[in-house]
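# Observations on chain architecture
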Amino acid sequence: MVSDFVTTDNGEVHQTNGPFCFKQLVYIPEANEVIGITNRRSVTTWKYNPIAPVTVLSGHTDVVECLTFTSKEPLLIFSGGGDGVIRKWERLQLNTFMYSQEPLALPKEDKHEEEIIINSYSKNTDERRRLQAALHRRVNAKLDMWKRSIIEDEFALVSSTGSGEAANSGGGGQDKQLELMSGEAVAAFKRKELQLKSESNSSMRAILGDAKKKVIKAPPKPGVVSLVYYEDLDLLISGYEDSKIYVWGYNEDAVKYVPKDEAEKEKDVHDGFANDSVTNRVAGMTLKFTLQEHKEAVTGLICFCKDGIHWLLTTGWDRRLCLWDIKQGRLQDIFRNNFGIAGKEELAADGIILALEYCAERCEFAYASADKHAYIRRFSTKGDEMTLLAVLQGHDAE
């Protein structure tokens, strides 16, 4: 088992396939060392490092800003960062060194068909087909418009010339003129059609042929700056740079299809853990609702239960404190300083707020600000009753 997880400084010594392999491994508990003997008559020694990482979870494409985890089995770790993606890591039961990975995707915003940019390029096959269909509809609409204009011009010209021919040479000239004009109209229509098809093909070549040269980059996703997992309700709350708060929960509808026998087995295996959260986790997580009240990035999230109500207290760069009923998904109140400066009653600090914590024993919460101070306030469900108890000074930076 050691050879599966420990690597050496020299890759030629430790290979899973090839002429070099380990013949014997010996562990010396007194020295916390493992000695390996290879088939090339060489000896390799590993020494135990108590602070070495057991597992490295890789998958984010930008800096990891925040993470949270669950205390129930199986262990779940949630991480978020600058790439705007929350990743759920679940420790495997058969191998505690390995984790499965699942990204939590936000729902895409619906785009109107008339807002499609024809010259944009997408690597998604369905997106390209949708753009092509929109382009063909525009082409057909232009064809119908030109066809109607040609027919109207033909009718007007025939009407004006037909009367003159009838006065001079009778009805034979009119029939000849009609036949001539019809042929010219058809030829003009075909020329217009070929021209439009040529323009359509050139547009499609610009979309598909020049994709490598002209790739329109999508606007960057807002980064995830705060995460907290609330065990009492099995909810994951995430704060983003664009001032939005997303609340995730397990898909309860999918749990209905889990056989009762399997659910009972899960309860027996994980006996001692509250609720049925272990069974719920087979369904994955979905977005429950979105909370919008902050004006800038949300950097502080804390959840707690008081007087039978589950509260969510949030703060961020806008220096405001918002209190939510997390179970109902609604705003309860916003902090207000009745003795503050006019227009700044809702500001709880002089600088942006970076961290937030709550003490249930004292019914108090504290937050740290970029103004080099930490503030302690008494918790209240009314924003104007969150009394300031102390201001901690001493730091030389945020």
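Look above for the structure.
Below you will find a few notes about this structure. (Residues numbered from 1 in each chain as written. Predicted model: local features only at pLDDT ≥ 70, side-chain atom pairs only at ≥ 80, totals over all residues. Heavy atoms only, no water.)

Next up on the list: the overall build of the protein chain. Counting secondary structure elements, the protein chain contains 6 helices and 19 strands. Counting across all 398 residues of the protein chain, residues that qualify as buried make up 33%. Expressed as a percentage of contacts within the protein chain between residues at least 6 apart in sequence, the contacts between residues at least 24 apart total 46%. Total accessible area on the protein chain is roughly 25,600 Å²; 51% of this is exposed by carbon and sulfur atoms. (Helix = DSSP H or I, 4+ residues; strand = E, 2+ residues; numbered from the N terminus. Buried < 20%, exposed > 50% of the residue type's maximum accessible area, 1.4 Å probe, protein only. Contact = heavy atoms within 4.5 Å. Areas by Shrake-Rupley, 256 points an atom, 1.4 Å probe, with all protein chains shown as cover.)

A few words now on unusual backbone geometry. Phi is mostly negative for residues that are not glycine, and the peptide bonds are mostly trans. Although it is not a glycine, Ser-243 sits at a positive phi angle of roughly 80°. Of note, the phi angle at Arg-319 is positive, near 65°, even though the residue is not glycine. Turning to its location among the elements, Arg-319 is positioned in the loop between β13 (309–316) and β14 (322–325). In this structure Arg-319 comes out as partly exposed when scored by relative accessible area, which is 25%.

Our focus in this paragraph is the nonpolar core. If you look at the biggest cluster of nonpolar residues, it comprises 18 residues, and the most contacted ones within it are Phe-304, Leu-313, Tyr-358, Phe-365, Tyr-367 and Phe-379. Taken together, the elements giving at least two residues each to this core come down to β12 (298–306), β13, β16 (353–359) and β17 (364–369). For this core, the leading source of residues is β16, giving 3 residues. Residues contacting Tyr-358, with those up to four places away along its chain left out, are Ile-302, Phe-304, Lys-306, Cys-363, Glu-364, Phe-365 and Phe-379. (Core = buried A, V, L, I, M, F, W, Y, C linked by side-chain atoms within 4.5 Å.)

We now examine the packing of aromatic side chains. The geometry of an aromatic ring pair comes down to the distance between the two centres and the angle between the two planes. Throughout the structure, instances matching the rule amount to 7 aromatic pairs. Between Tyr-358 and Phe-379, the aromatic rings sit 5.9 Å apart at their centres with planes inclined by 80°, giving edge-to-face as the arrangement. Residue Tyr-358 is located in strand β16, and its partner Phe-379 is located in the loop between β18 (373–378) and β19 (388–393); the two are separated by 21 residues in the primary sequence. Relative to Tyr-367, the ring of Phe-365 lies with its centre 6.2 Å away and its plane at 25°, an arrangement referred to as stacked. By the ring-pair criterion, three or more aromatic residues cluster together here, those being Phe-304, Tyr-358 and Phe-379. (Phe/Tyr/Trp six-rings, centres within 6.5 Å; stacked < 30°, edge-to-face > 60°.)

Judged by which residues are buried, β14 turns out to be covered on both faces: Cys-322 and Trp-324 on one side and Leu-323 and Asp-325 on the other are all buried. Examined bridge by bridge, β13 and β14 share 4 bridges and lie antiparallel to one another. Across the sheet, Leu-312 pairs through a bridge with Trp-324, a residue of β14. Connecting the antiparallel pair β13 and β14 is a turn made up of 5 residues, with Arg-319 showing a positive phi of about 65°. Note that β14 and strand β15 (residues 330–334) share 4 bridges and pair antiparallel. By the bridge assignment for β15, Trp-324 is matched with Leu-331. (Pairing = 2+ DSSP bridges.)

Before going further, it helps to spend a moment on the side chain of Thr-38. Its place among the elements puts Thr-38 in strand β2 (residues 33–38). Taking relative accessible area as the criterion, Thr-38 reaches 7% and is therefore assigned buried. Within the structure, Thr-38 has its side chain in polar contact with the side chain of Ser-42 (distance 2.6 Å). (Polar contact = N/O pair within 3.5 Å; in protein donor to acceptor, adjacent residues only side chain to side chain.)

The next thing to look at is a nonpolar patch on the surface. On the surface, Val-54, Leu-92, Phe-97 and Met-98 cluster together into a nonpolar patch covering about 360 Å² of accessible area. Residue class for Phe-97 comes out partly exposed when judged on its relative accessible area of 38%. (Patch = residues over 30% accessible without salt bridge, like charges linked within 9 Å, V, L, I, M, F, W, Y side chains within 5 Å. Salt bridge = Lys/Arg side-chain N within 4 Å of Asp/Glu carboxyl O.)

Glancing now at the sheet that holds strand β4 (residues 64–69). If you trace the 4 strands from one edge of the open sheet to the other, you get β4-β5-β6-β7, paired in antiparallel fashion. Of all the strands in the sheet, just β4 and β7 (99–104) have a single pairing partner and so form its edges. On average, each strand axis in the sheet is tilted by 20° relative to the strand beside it, whichever way the strands run. Bridge count between strand β6 (residues 86–91) and β7: 6 bridges; the pairing is antiparallel. Its bridge partner lying in β7, Ile-86 is registered against Leu-104. (Axes fitted to C-alpha atoms, helices over the stretch in contact; angles between N-to-C directions.)

Let's shift gears to the sheet that holds β2. Hydrogen bonds between backbone groups are what pair the strands of a sheet, and the pairing can be parallel or antiparallel. Spatially, the 3 strands line up as an open sheet ordered β1-β2-β3, and their pairing is antiparallel. Both outer strands of the open sheet, β1 (22–28) and β3 (43–47), are each paired with one neighbouring strand and no more. The mean inter-strand angle of the sheet, taken between neighbouring strand axes irrespective of direction, is 20°. Across 6 bridges, β1 lies against β2 in antiparallel orientation. Residue pairing for β2: Tyr-27 is matched across the bridge by Val-34.

In short, shape yes, function no, at least from these values alone.
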